[in-house]
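An overview of the molecular structure
What follows is each chain in one-letter form.
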Amino acid sequence: SKQELQIAWRTRQETGDTRVSLSASLDGGLTWKPVATDLPPTGAYLWDVSQLPPQSRVRIRALASDGRRSSLYVQRSSILISSRPRRALPLYVR
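Described below are features of the structure shown in this document. Predicted, not measured: the structure shown is a model, and the values here were computed from it. (Residues numbered from 1 in each chain as written. Predicted model: local features only at pLDDT ≥ 70, side-chain atom pairs only at ≥ 80, totals over all residues. Heavy atoms only, no water.)

Details of the nonpolar core
- Counting residues in hydrophobic clusters, the biggest one holds 18 residues, and the most contacted among them are Leu5, Val20, Leu22, Trp47, Val58, Ile60 and Ile81.
- Where this core is concerned, the elements lending two or more residues are strand 1 (4-11), strand 2 (19-25), strand 3 (33-39) and strand 5 (57-65).
- Counting residues per element, this core draws most heavily on strand 5, at four residues.
- Here Ile81 is in contact with Gln3, Leu5, Val49, Leu52, Pro54, Gln55, Ser56 and Val58, once residues within four sequence places are set aside. (Core = buried A, V, L, I, M, F, W, Y, C linked by side-chain atoms within 4.5 Å. Buried < 20%, exposed > 50% of the residue type's maximum accessible area, 1.4 Å probe, protein only. Helix = DSSP H or I, 4+ residues; strand = E, 2+ residues; numbered from the N terminus. Contact = heavy atoms within 4.5 Å.)

Remarks on unusual backbone geometry
- For Asp38, which is not glycine, the phi torsion reads 60 degrees and is therefore positive.
- In this structure, Asp38 sits in strand 3.
- On the basis of relative accessible area, Asp38 is assigned to the exposed category, the value being 54%.

Quick look at the side chain of Arg59
- Within the element layout of this structure, Arg59 appears in strand 5.
- The side chain of Arg59 is buried and forms no salt bridge, while Asp27, the nearest opposite charge, is found at 7.7 Å.
- For Arg59, the side chain forms a polar contact with the main-chain oxygen of Gln75, separated by 2.9 Å.
- Aside from chain neighbours lying at most four places away, what touches Arg59 is Ser23, Ala24, Ser25, Gly28, Gly29, Trp32, Val74, Gln75, Arg76, Ser77 and Ser78. (Lys, Arg positive; Asp, Glu negative; His and termini not counted. Salt bridge = Lys/Arg side-chain N within 4 Å of Asp/Glu carboxyl O. Polar contact = N/O pair within 3.5 Å; in protein donor to acceptor, adjacent residues only side chain to side chain.)

Dropping the structure here:
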């Protein structure tokens, strides 16, 4: 069955040019894989985590860029992917 993790974010860069990319790490932040790109400055995304190994620990990061300036937020702690859907803590990209 499909299992989703809701990732919410908000940036301080509220220009129309600002786009957000989300990525995830399964190894504590050593490597990152894209989750979603070209997202608005503020929003939420439902990530299908069904394909991840059971009991995975995931860290999320968000990159906001308007083409001139970029801001990166990396979640300090991991989220345990268990059998029930979860919400990630909101990401505030400064």
